[in-house]
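An overview of the molecular structure
Chain by chain, the residues:
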Amino acid sequence: MDAKITKERLSRMLSYDWLKIVGLALAAILLWTLVFTTTATRITPAQQFTVINYFGNVSTVGTTVSETLNDALNDGVFSYEVIENTVVDVGGNEEYGATLMETRVSTYEGDVIFVPDIANEDTEYELNGEKRYDSYLQNLVNGYYSKMMNLDPEDPDGYFQRMEKFLNGFYNGDYKTGERDDQAIETAFLERIEKNKDKRFKKDAQIEQGIRDEIARIVKYRDALIEFYGYLDSGLVTLTKTQLLDHENNDAVKYEGIFSINLCPDKEKMPNLHTIAAYAKTVKDEAGKEQTFRSAENMNVALLDFPETEESFEYESLLYINYVIRLSKAA
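Please read these numbers as outputs of a predicted model, since none were measured by experiment. (Residues numbered from 1 in each chain as written. Predicted model: local features only at pLDDT ≥ 70, side-chain atom pairs only at ≥ 80, totals over all residues. Heavy atoms only, no water.)

Before going further, it helps to examine the nonpolar core. Among the nonpolar cores identified, the biggest contains 79 residues, and Met101, Phe114, Leu140, Tyr159, Leu263, Tyr320 and Ile325 are the most heavily contacted of them. If one sorts the elements of this core by residue count, helix 7 (residues 204-234) sits on top with 9 residues. Leave out the neighbours within four places in its chain, and Leu263 touches Phe114, Leu236, Val237, Met270, Leu273, Met299, Asn300, Val301, Ile321, Val324 and Ile325. (Core = buried A, V, L, I, M, F, W, Y, C linked by side-chain atoms within 4.5 Å. Buried < 20%, exposed > 50% of the residue type's maximum accessible area, 1.4 Å probe, protein only. Helix = DSSP H or I, 4+ residues; strand = E, 2+ residues; numbered from the N terminus. Contact = heavy atoms within 4.5 Å.)

Written as structure tokens, this is what we have:
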């Protein structure tokens, strides 16, 4: 049989079979793409840290939240687990802001939210002949309180007491004065990577490095909690109790809770926060002329709570909050 490849035979094959060849090539590309997509290691919620700016009055001009977040990642503020970051500027998208916020929450994206506890003029209502407004913080809590961290320090189920309990397990019952139990940290780490089938830790060298990184993570959390309690005790920051009011029933309190941290109760003590997260504040001078400037007074930060996020990694948020406080406070 003459099977010799000639120009004439090759030309005839391409003339009649080119569609088949193109189809097979496309099918091969699609198959390889599918294989890589399904077998690739996907980033987990714990590995991506997301900051949200809530609604129209929050400004990110200047140093900006985005730049500060990038600096935090590059400066090693977070633990080894966080490898990506993103900022969702809901406030910069007035037309689709609410939809954008709902989408992020529905897909479990978001760690901390900057939101000012100031009047939202779009919520004007009248009570006993007096004009009143809900705050941006009240708007946030009203819509998403079921997805927000409970920051009541007295609540055993709240963020801070859960963090204390978590740390106590690695410091012989007392995270403040107890000796660190590296064996307990190692055991918990090995159990977690086995449970999650974490592909990052297959070789002995990778596991050994992972244990060292895990110990450093626990130390970061312990130091962060002690640092934050110091800020709280000194009055540099405060915890905000938010009330949801029934406007149809003389503003009776429907629900209240502590869902946010006021990063700037005293602007003299936090003179640099406005370079990171601020809102546009307008005042009239003595001549009655309006002047608009950046302000961070009563800028709050709230933490989102998603059960889908692996336990304990929500404490990365406190590392970031402390970083913002250090950058913002007076020297």
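This paragraph deals with the side chain of Glu214. With respect to the secondary-structure elements, Glu214 resides in helix 7. The class for Glu214 is buried, based on a relative accessible area of 3%. Leave out the neighbours within four places in its chain, and Glu214 touches Tyr80, Ile185, Phe189 and Arg192.

Across the 6 residues that make up strand 1 (residues 48-53), a large majority, 5, are buried. Here 6 bridges tie strand 1 to strand 3 (residues 84-89), and the two strands are oriented parallel to one another. The residue bridging Asn53 from the neighbouring strand is Asp89, located in strand 3. Relative to strand 4 (residues 112-116), strand 1 is paired through 3 bridges, and the arrangement is parallel. Bridged to Ile52 within strand 4 is Ile113. (Pairing = 2+ DSSP bridges.)

Turning our attention to helix 2 (residues 65-74). Each turn of an α-helix holds 3.6 residues, which means side chains three or four residues apart point in the same direction. Listed as buried for helix 2 are Val65, Thr68, Leu69 and Ala72. Buried residues along helix 2 cover an arc of 100° about the axis, so they all sit on one side. Residues of helix 2 that are buried in the fold lie against strand 1, strand 3, strand 4 and helix 8 (316-328). (Arc of directions from axis to C-beta.)

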